[in-house]
Amino acid sequence: MLLSIVIPVLNEAQTVPLMLERLRDTLREVAWEAIFVDDGSTDATPEILGRESWRDERVKLLRFSRNFGHQAAVTAGLDFANGDAVVVMDADLQDPPELLPQMLDLFEQGYDIVSPRRNSREGETRFKQWTSKLYYRVLSRMAEQPLTPDVGDFRLFSRRAVLAIRSLREQHRYMRGMVAWLGLKEAMLPFDRQPRAAGQTHYPFLKMLRFAWTGITSFSAFPLRISIGAGCILSGAGFLYLLRVMYLAIWTHALVPGWASVVALQCVFSGMILLALGAIGDYVAKNYEEAKKRPLYVVTEARNVSLAEISLPRAVILAESVPAIACIAIDDTERPVPEVAASISIQPFAGVRA
Ligand code: UDP
Ligand code: MG
């Protein structure tokens, strides 16, 4: 049995070595491969991963031409994972590798998806924890398939779950929603989420908000329909108000003092109309982007990954994988020097699959 671990990385030079150390320690009894997807890092992450992939052929590297986003990086990792079971996890050790054996146990019991559920979230602000809880409850009500609350992208997938996810090639990707949509047999595993081992989150508030909105628009048309309900209520109220105005006009002379309420109502209604238009505009824009059917990512470099047999829709592979020839009979003390790795270059343009 082979376990694949998919790790998207963006500027994680400090955490990658710690991550690998913990993986090696935890998975002594298991055959594994770690697929690091470098999502356009600008620090030493690619060099560190290049070096590690020469030392140990279980360490695989896919490098994007630029930052395509966390969800695209997870997609690429899943596309190239060979394992019977595949785990997606962050590089920052917020998701503890020590949980992997328990996840494998559940996988062996026949679950297609094993979802570690966050009991607690150390190192994250109360605000983030509270808004995230609220968000998943709201989204679960809006989406056709309810999402599992308190579960992030840290998950184990069986081979067949991975094949199913690979077939979902939409541009605006929300993995948590896709998993719910698949409806496969899922097991929960409570755990305590740790603070980041080093570095900073790549999801500041506004990016988090955008991601949350992608989740909603990808899996629910509810915001489009809100305006119908709001429109009905408001026009009903407007009609009643009109009756009152007519009554006042005919039977009294007290109309002029009402201008403040007119202005207030005007503001409220225009605001709601603009909001509804904005939501509709966003769905239209996403539709437009989806219609272009652009590739989801561009891979410019690959190490220890076999590219030949894989045919992927909506993916551009401009790299040829460098085989792990330098890894034969290397133990911990005798490792090839990084310069050897650097001297072998990668062939440009092995083909485009789009
Ligand atoms: N990440 C990525 N591309 C991005 C943003 C993040 O590959 O555009 C990686 C990042 O290196 C990390 C994982 O995705 O391994 C999750 O990001 P982060 O830990 O910053 O998010 P948080 O856990 O704070 O929500
Ligand atoms: Mg993280």
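For the structure itself, consult the block above.
What counts, and where the lines are drawn
- Residues numbered from 1 in each chain as written.
- Chains lettered and ligands numbered in written order.
- Predicted model: local features only at pLDDT ≥ 70, side-chain atom pairs only at ≥ 80, totals over all residues.
- Heavy atoms only, no water.
- Helix = DSSP H or I, 4+ residues; strand = E, 2+ residues; numbered from the N terminus.
- Buried < 20%, exposed > 50% of the residue type's maximum accessible area, 1.4 Å probe, protein only.
- Contact = heavy atoms within 4.5 Å.
- Areas by Shrake-Rupley, 256 points an atom, 1.4 Å probe, with all protein chains shown as cover.
- Phe/Tyr/Trp six-rings, centres within 6.5 Å; stacked < 30°, edge-to-face > 60°.
- Lys NZ or Arg CZ within 6 Å of the ring centre and 35° of its normal.
- Donors = N, O, S within 2.8 Å, 3.2 Å for Na, K, Ca; no water.

A. The arrangement of the overall build of the protein in detail. In terms of regular secondary structure, the protein is built from 11 helices and 9 strands. In the protein, buried positions account for 45% of the 354 residues. Put simply, 80% of the contacts in the protein that link residues at least 6 apart link residues at least 24 apart. For the protein, the exposed surface amounts to about 18,600 Å²; the carbon and sulfur share of it is 61%.

B. The arrangement of the packing of aromatic side chains in detail. Under the counting rule described, the total for this entry stands at 8 aromatic pairs. Ring centres 5.2 Å apart and planes at 70° place the aromatic pair Y135 and Y136 in the edge-to-face group. Take Y135 and Y136: they sit in the same class, and that class is buried. Look at Y174 and F211: their rings are 5.1 Å apart centre to centre, the planes differ by 55°, and that puts the pair in the tilted class. Taken together, the residues span a long stretch of sequence, with Y174 in the loop between α6 (159-166) and α7 (175-182) and F211 in helix α8 (residues 205-219) at a distance of 37 residues. Exposure class is identical for Y174 and F211. Each is buried. Site record: aromatic cluster; members linked through ring pairs are Y174, Y203, F211 and F219. The ring of F68 has R66 lying over it, and the distance from NZ or CZ to the ring centre is 3.8 Å.

C. Focus on the coordination of the magnesium ion (ligand 2). Around the magnesium ion (ligand 2), the protein contributes the donor atoms D90 (OD), D92 (OD) and Q94 (OE1), at 2.0 to 2.6 Å from the metal centre. The motif formed by the donor residues of the magnesium ion (ligand 2), counted along the single chain, is D-x1-D-x1-Q. Pair check on accessibility: D90 and D92 agree, each one buried.

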